[in-house]
Amino acid sequence: MSQDDVPQEGLFFDMLRNRRVELEISRRYEDGEMRCPVHLSVGQEAISAGVCRAMKVGDQLVSTHRAHAHYLSKGGDLKRMLAEFHGKATGCCGGRGGSMHIFDRDAGMLLSLPIVASSIPVAVGAALAMKQAQTHSVAVVIFGDAAVEEGVFHEATNFAALKQLPVVFVCENNLFSVYTHLNDRQPDLPLQRLGAAHGIRSLTADGNDVEAVYRLTTEAFERARAGGGPSLLVFDTYRWLEHCGPGYDNDIGYRTEEEFQVWKARDPIERTRQKLFALGLLDEGSEAGLNAQIDQEIAEAFDFALESPLPTSSEFQIYA
Amino acid sequence: MISAAEAIREATEQCLSADDRVYMMGQGVADPKGVFGTTLGLAQRFGSERVFETPVAENGMTGVAIGSALMGRRPIMVHQRVDFAMLALEQLLNNGAKMHFVTNGEHKVPLVVRLIIGRGWGQGPEHSQVLETVFASAPGLKVIMPSTPYDAKGMLIAAVEDDNPVIILEHRWLHAVIGHVPQEMYRAPLSGQNRMRVGDDVTIVASSFAVLEAMEAADLMAECGVQADLFDLRAVRPLDLTAIFESVRRTGRLIVVDTGWKMFGLGAEIVAQVTEQGFQHLRAPPIRLGLPDYPTPSSRGLVGAFYPSSQGVVEAVGRLSPEWIPRLRPAIDTIQTRRAKLPVDAPNPAFRGPF
Ligand SMILES: Cc1ncc(C[n+]2csc(CCOP(=O)(O)OP(=O)(O)O)c2C)c(N)n1
Ligand SMILES: [Mg+2]
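Residues numbered from 1 in each chain as written. Chains lettered and ligands numbered in written order. Predicted model: local features only at pLDDT ≥ 70, side-chain atom pairs only at ≥ 80, totals over all residues. Heavy atoms only, no water.

Novice: Got a sec to walk through the overall build of chain A? Specific residues and values, please.
Specialist: Of regular secondary structure, chain A possesses 11 helices and 8 strands. For a compact globule of 320 residues, the expected C-alpha radius of gyration is about 20 Å, and chain A comes in at 19 Å, within 12% of that figure. For chain A, the C-alpha atoms occupy an extent of roughly 55 × 50 × 40 Å along the three principal directions. In chain A, which comprises 320 residues, the share counted as buried stands at 59%. Considering only contacts within chain A whose residues lie at least 6 apart along the sequence, 74% involve residues at least 24 apart. Accessible surface computed for chain A: about 12600 Å², of which carbon and sulfur atoms make up 51%. Separation between the mean location of the 30 positive side-chain charges and that of the 45 negative ones in chain A comes to 5 Å. (Helix = DSSP H or I, 4+ residues; strand = E, 2+ residues; numbered from the N terminus. Rg over C-alpha atoms; globule rule 2.2 N^0.38 Å. Buried < 20%, exposed > 50% of the residue type's maximum accessible area, 1.4 Å probe, protein only. Contact = heavy atoms within 4.5 Å. Areas by Shrake-Rupley, 256 points an atom, 1.4 Å probe, with all protein chains shown as cover. Lys, Arg positive; Asp, Glu negative; His and termini not counted. Charge placed at Lys NZ, Arg CZ, Asp CG, Glu CD.)

Following this line, the structure appears as structure tokens:
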């Protein structure tokens, strides 16, 4: 892939938009209008942007409790997402799901699930359907570093490899499961070995380098589309804010301020920003324009969410 | 006077001190939040051999717990939500519940599994279930649902000392309830009910968080001259309903209030047993209250109608005895005035999430 094939500005815009959305959710959380848990992706933007920009119409994305950025990068509707967090009838699940169940057929967001690893076999099932229907689409499942500890990860990757399904497993390794470090949960080995053990092509790249993420995923998607089977991609990154909720929590004892500062210095957005400045693709004026454009979209989406009605229907669809 | 969360912590600490075969594991037991405060400080005091974090691997770790229990260890497992323990059902229902039976009484599984149940805020369908009947339906498991700080401590100690797998369903909104809890290491029985209020007009059987709702209803109805005989179910399996049979013989009226789904709920079993045993004593068809037949919605616009409330209990009493309806009006008015000041989706007005 040549330098020109990477949509630098689009990737930057995606990351910037996700950052500003998440920070605004964080800022407004204490208003008590978003009455559900929120798992923010601040610091992890390169993965959602890099992976989702490489996806095509018809491809399906499956995500976890930490789904906001994935959904927005996949072309999700900010208004419907925020409306869901506000419990409104106009939300992407009509207020049934809250922040941990983002779904949007139009955007190719098959589902997101709050039970760790629960979504992984579902993505494999989507890939099975694609293979059966010969659509040449790809199913992509993004999950955290804890998900590989569940049996179902191994069951699903084994089957995907066996049937050479068009599925790409993306592990967003932010080193933590809630407050528990990877070293307290797994022996010290590269995570990509877990895929290799199941006969799956497994690769890794810097999860804070959006271009590297984009290149690796594009290549994995092309291979899957061409019938080359599944891949496991492991991207190391770091969550800046608390596991669940709006604030920083480096002071409560499970990680250090120093560790956070090391990762903050690798801010994926700042890195790309500097690159774009150097390439002459961004300057202070155009950057201010982007920020203003994003902030206006965010303000309008919050207004939409706040003004939308609460659902009142007692007619629930339990059966099809 | 301490909270149920502190009572659970104290019980665990005493069990870990009293018997070095006892150990505790789970996601979050050694982290800074300590499972809603119920395990705080224990890893520091007892060390990482006795109190430790696990991988996110519920079924595997439950099998590990069972294997160690067969070898004489006494594990306490903790899950932050019952929903996560669904992954562990295979081990619990197949191995945990059956090892004693299948080995003709030779093996014992002295395992305790603490499961946190019930509503949070906006948690939606996969983070707020109760699922008590999943466990209640399995012979070989013991299943308890403490509702008071006294029972939270005493039943946990009894569970750890019991030689069977004991499932403890702890409602998260009960963790904050304050009550009298003796300091010593006491046991509360793992079967039988607590009689919370005494009366001759109507028998009410409630479990877990629903006990709080039923108590509010019973106290307000008492002011209106209707006396409820109110039982906290406490123990789901084994289920000894002798005291309830006696009560219904006197009152002729029965209401059951579940924290979980009404359909196929605990109330169904209780009503069935009461009906089989003393149909002739019933003056009106029994009433079951519980969650309606759909999953927990996230939105505050939808949860109001979802949970059984004290008002629902008073109204049910009115349906059993329509002549009491005018008399019960003040009770309903009081409840409505109180509830108008409370958020519909949080345990108290100060609650700010995010869990
Ligand atoms: C089966 C199951 N067990 C436990 C949990 C509780 N839980 C919610 S998020 C989370 C952390 C998962 O960590 P990871 O997969 O690395 O994702 P991250 O939050 O870091 O993005 C845990 C343990 C759950 N949701 N489901
Ligand atoms: Mg993680």
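Here the narrative resumes.
Novice: Run through the nonpolar core, naming residues and quoting values.
Specialist: Nonpolar side chains tend toward joint burial in soluble globular proteins. By size, the foremost hydrophobic cluster in this structure holds 70 residues, and its most contacted members are A:Ile25, A:Val51, A:Met81, A:Leu82, A:Val140 and A:Phe235. Among all residues touching A:Ile25, those that are not within four sequence positions of it are A:Met34, A:Val38, A:Leu40, A:His68, A:Met81, A:Leu82, A:Phe85 and A:Phe302. Grouped together as the second largest cluster of nonpolar side chains are 44 residues, B:Tyr23, B:Ala69, B:Leu115 and B:Val248 included. (Core = buried A, V, L, I, M, F, W, Y, C linked by side-chain atoms within 4.5 Å.)

Novice: Explain the layout of surface pockets to me, using residue names and the numbers behind them.
Specialist: Here the second largest pocket defines a volume of roughly 540 Å³. Along the wall of the second largest pocket there are 19 residues; nearest its centre are A:Cys93, A:Arg96, A:Gly97, A:Gln317 and B:Pro125. Partitioned by chemical class, the residues of the lining of the second largest pocket number 10 nonpolar, 6 polar and 3 charged. (1 Å grid on protein atoms, 1.4 Å probe; cavity = no way out; pocket = protein on both sides within 12 Å on 5 of 7 lines; lining within 4 Å. Points joined across faces, edges and corners; volume = space filled by probe spheres on them. Nonpolar A, V, L, I, M, F, W, Y, C, P; charged D, E, K, R; others polar.)

Novice: Residues and numbers for the site of ligand 1, please.
Specialist: Of all residues adjacent to ligand 1, which total 20 residues, the nearest are A:His65, A:Arg66, A:Pro114, A:Asp145 and B:Glu58. One finds residues of chains A and B in close proximity to ligand 1. Between A:His65 and ligand 1, the recorded distance is 2.7 Å, taken from a side-chain N or O atom to an oxygen atom. Between ligand 1 and A:Arg66 there is a distance of 2.7 Å, counted from an oxygen atom to a side-chain nitrogen or oxygen. For ligand 1, the accessible surface in isolation is 580 Å², of which the surrounding protein chains cover 95%. Among the residues making up the shell around ligand 1, the classes are represented as 10 nonpolar, 6 polar and 4 charged. (Near = heavy atom within 4 Å. Polar contact = N/O pair within 3.5 Å; in protein donor to acceptor, adjacent residues only side chain to side chain.)

Novice: Lay out the domain arrangement of chain B with the relevant residues and their values.
Specialist: Interface size is often expressed as the accessible area that is lost when the parts come together. Residues and elements named next belong to chain B. Structurally, chain B comprises domain 1 (2-179) and domain 2 (194-339). Here domain 1 and domain 2 have C-alpha centroids that lie 28 Å from each other. Facing the 30 residues of domain 1 at the interface are 25 residues of domain 2. Carbon and sulfur atoms make up 59% of the surface buried where domain 1 meets domain 2, a total of about 2200 Å² over both sides. For the pair domain 1 and domain 2, the number of links is 1 salt bridge. Across the domain 1-domain 2 interface, the total number found is 10 residue pairs in polar contact (both at pLDDT 80 or more). Secondary-structure elements contributing two or more residues to the side of domain 1 that touches domain 2 are helix H7 (132-136), strand S6 (142-144) and helix H8 (149-161). Residues that form the side of domain 1 that touches domain 2 fall into these classes: 17 nonpolar, 9 polar and 4 charged. (Domains from an automatic or database assignment. Buried area = accessible area lost by both parts, 1.4 Å probe. Salt bridge = Lys/Arg side-chain N within 4 Å of Asp/Glu carboxyl O.)

Novice: Before we move on, can you summarise unusual backbone geometry with the specific residues and values?
Specialist: All names here are of chain B. Cis geometry is found at the peptide bond from Arg 237 to Pro 238, where omega equals 5°. Counting through the fold element by element, Pro 238 comes out in the loop between strand S12 (235-237) and helix H10 (242-251). Pro 354 follows Gly 353 through a cis peptide bond whose omega is 0°. Position of Pro 354 relative to the elements: it lies in the segment after helix H14 (325-340). Residue Phe 36 is not a glycine yet carries a positive backbone phi of 60°.

Novice: Residues and numbers for the coordination of the magnesium ion (ligand 2), please.
Specialist: Four donors placed tetrahedrally about a metal ideally form angles of 109.5 degrees, and six donors placed octahedrally ideally form angles of 90 or 180 degrees. Residue and element names in this part refer to chain A. On the protein side, the magnesium ion (ligand 2) has Asp 145 (OD), Asn 174 (OD1) and Phe 176 (O) as donor atoms, found 2.1 Å from it. Each donor residue of the magnesium ion (ligand 2) lies on one chain, and together they are spaced D-x28-N-x1-F. By relative accessible area, Phe 176 is classed as buried at 6%. (Donors = N, O, S within 2.8 Å, 3.2 Å for Na, K, Ca; no water.)

Novice: Summarise the packing of helix H1 (residues 8-28) of chain A against helix H2 (residues 45-53) of chain A; cite the residues concerned and give the values.
Specialist: What describes two packed helices is the angle between their axes and the distance between those same axes. Residue and element names in this part refer to chain A. Interaxial distance between H1 and H2 falls to 9 Å at its minimum, and their mutual angle equals 135°. The angle between the axes of H1 and H2 places the two elements in the oblique class. The hand of the H1/H2 crossing is right-handed. Contacts between H1 and H2 pair Gly 10, Leu 11, Asp 14, Met 15, Asn 18 and Arg 19 from the former with Glu 45, Ala 46, Ser 48, Ala 49, Gly 50 and Arg 53 from the latter. In terms of residue class, the contact of H1 with H2 is made up of 4 nonpolar, 4 polar and 4 charged. (Axes fitted to C-alpha atoms, helices over the stretch in contact; angles between N-to-C directions. Parallel < 35°, antiparallel > 145°, perpendicular 65-115°, else oblique. Left-handed = near helix turned anticlockwise from the far one by under 90°.)

Novice: Let's hear about the packing of aromatic side chains: which residues, and what values?
Specialist: Using the criterion set out here, one finds 14 aromatic pairs over all chains in the structure. Judged by centre distance (5.9 Å) and plane angle (5°), the rings of B:Tyr23 and B:Phe52 are stacked. Placement of B:Tyr23 in strand S2 (residues 22-26) and of B:Phe52 in strand S3 (residues 51-52) is noted, with a sequence separation of 29 residues between them. Owing to a relative accessible area of 10%, B:Tyr23 belongs among the buried residues under this scheme. One aromatic cluster in this structure is built from A:Phe176, A:Tyr179, A:Tyr238, A:Tyr254 and A:Trp263. Above the ring of A:Phe302, the side-chain terminus of A:Arg28 is found at 4.0 Å from the ring centroid. Over the face of the ring belonging to A:Trp263 we find A:Arg266, whose NZ or CZ atom lies 4.4 Å from the ring centre. (Phe/Tyr/Trp six-rings, centres within 6.5 Å; stacked < 30°, edge-to-face > 60°. Lys NZ or Arg CZ within 6 Å of the ring centre and 35° of its normal.)

Novice: Describe the interface of chain B and chain A, with residues and values.
Specialist: Between chain B and chain A, the contact holds 35 residues from the first and 39 residues from the second. Counting each side, the surface lost to burial between chain B and chain A is near 3000 Å², with a carbon and sulfur contribution of 61%. Considering only the side of chain B, the residues that lose the most area to chain A are B:Val56, B:Arg300 and B:Leu302, jointly responsible for 21% of the buried surface there. Note that A:Arg35 and B:Asp345 form a salt bridge whose closest N and O atoms lie 2.6 Å from each other. Between chain B and chain A we count 13 residue pairs in polar contact (both at pLDDT 80 or more) in total. Per-element tally for the side of chain B that touches chain A: the top contributor is helix H12 (residues 300-303) of chain B, with 3 residues. Partitioning the side of chain B that touches chain A into residue classes produces 15 nonpolar, 10 polar and 10 charged.

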